[in-house]
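# Structure assessment
Here is how the chains run, residue by residue.
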Amino acid sequence: MERIIQQTDYDALSCKLAAISVGYLPSSVLQGFSVDMASKYTQWHRDYLLTLKKFSRRTFGKVDKAMRSSFPVMNYGTYLRTVGIDAAILNFLDGNEQVQVVNFGCGSDLRMLPLLQMFPNLTYVDIDYSDSVELKNNILRESKILRTSLDLPEENAATAPLLIDQKRYKLVACDLNNTTETARLLDTCTDRDIPTVVISECLLCYMHKDEAQLLINTVLERFVHGLWISYDPIGGCQPNDRFGTIMQSNLKESRNLEMPTLMTYNSKEKYASRWSTAPNVTVDDMWEIFNAQIPESERRRLRTLQFLDELEELKVMQTHYVLMKAKW
């Protein structure tokens, strides 16, 4: 199951690369990038893909093929997912002088690169399954561009579970289903008194209900002040809504993969209830974010990139993905 879930990270990587190649990302308006940082963002992601080829030609081939066959409706979804999370992070960072970010299920996400350069007082912890972070570690050290950006030595002297153990950036191997081990590593890598952003991007949907809730409770109890940003699909709660059941069926048939809580937390309200102990919880579906939080200037820019004739399909998809923000 671990290896099957890891494949979903390659899907996300191909989607991100596709959105970058067509120009959806980066978004200077919503990601806060200077011209120089936007150029670096594109370069980092392209070099990550090229370096991936050195370690797994098969994986590179799959990512490259998927990247080249991405449809506009997918690029819009990746754009919304990325800028929605980034805007929430930036809003919190702007309000706190010193912040640590913990990215649960980080996979090949490179969000740490621009954030570490933009915010000198930021520390960043990436956590995922051992296989995922070992590959990421190899790529980050092999690529001169990525290695230099993180100020990494080419030789890897670190050992698992801390594959990268720097003052400002740590890459950690951990099965997040094991809450005891996760808590122990958080004790090692983070400071409970520093304001903390926790990211879970398409992570909780693959966890069983009890393990996911225990992880949430452990984090909320551990850090004094923080913001949890979670992005996930929801099954839909209307009587004639078959999105969730079709999604489950497709995943089972194509990959033997399950989302155990897709239909349990099948509405915005049910999804948000998992953070009930946090005093401030908001949840929006991505269609609401597109219509209410994306400036008109950005929507005009997106329309110039590709012709989107699947507007109804985009609406159906994006109403079944949510962005939850819990402050405590």
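Shown above is the structure to which this text applies.
Our subject in this report is the structure included herewith. On a predicted model such as this, the values are computed, not experimentally measured, just so you know.

Attention now moves to the overall build of the chain. A count of helices and strands for the chain gives 15 helices and eight strands. Scaling as 2.2 N^0.38, a compact globule of 328 residues should have a C-alpha radius of gyration of about 20 Å, and the chain matches this with 19 Å. If you line up the chain on its principal axes, its C-alpha atoms span 55 × 40 × 40 Å. Here the chain holds 328 residues, and the buried ones make up 56% of them. Here the chain has roughly 14,700 Å² of accessible surface; of this, 50% comes from carbon and sulfur atoms. Charge separation in the chain, taken as the distance between the mean sites of 37 positive and 42 negative side-chain charges, equals 4 Å.

Taken in spatial order, the eight strands make up an open sheet running S3-S4-S2-S1-S5-S6-S8-S7, and their pairing is mixed. Strands with a single pairing partner mark the edges of an open sheet, and in this sheet they are strand S3 (162-165) and strand S7 (280-285). Ignoring which end each strand starts from, the neighbouring axes of this sheet average 10° apart. In terms of strand pairing, S3 meets strand S4 (residues 169-173) through three bridges, oriented antiparallel. Looking across to S4, one finds that Ile 164 is bridged to Leu 171. Set on the sheet, helix H9 (residues 179-189) makes contact with strand S1 (99-104), strand S2 (122-128), S3 and S4; between it and S4 the angle comes to about 160°.

Scanning the entire structure with this criterion turns up nine aromatic pairs. Centroid distance Phe 33 to Tyr 41: 5.2 Å. Interplanar angle 50°. Geometry classified as tilted. For Phe 33, a relative accessible area of 10% puts it in the buried group. On the numbers, 6.4 Å between centres and 45° between planes, the contact of Tyr 124 with Tyr 169 is tilted. In this pair, Tyr 124 sits in strand S2 while Tyr 169 sits in strand S4, placing the two residues 45 residues apart along the sequence. Summarising the burial analysis for this pair, Tyr 124 and Tyr 169 share the class buried. Residue placement shows Arg 299 over the ring face of Phe 290; its charged tip is 5.8 Å from the ring centre.

Cut-off values and rules
Residues numbered from 1 in each chain as written. Predicted model: local features only at pLDDT ≥ 70, side-chain atom pairs only at ≥ 80, totals over all residues. Heavy atoms only, no water. Helix = DSSP H or I, 4+ residues; strand = E, 2+ residues; numbered from the N terminus. Rg over C-alpha atoms; globule rule 2.2 N^0.38 Å. Buried < 20%, exposed > 50% of the residue type's maximum accessible area, 1.4 Å probe, protein only. Areas by Shrake-Rupley, 256 points an atom, 1.4 Å probe, with all protein chains shown as cover. Lys, Arg positive; Asp, Glu negative; His and termini not counted. Charge placed at Lys NZ, Arg CZ, Asp CG, Glu CD. Pairing = 2+ DSSP bridges. Axes fitted to C-alpha atoms, helices over the stretch in contact; angles between N-to-C directions. Contact = heavy atoms within 4.5 Å. Phe/Tyr/Trp six-rings, centres within 6.5 Å; stacked < 30°, edge-to-face > 60°. Lys NZ or Arg CZ within 6 Å of the ring centre and 35° of its normal.

Any link to function would need more than the numbers given here.
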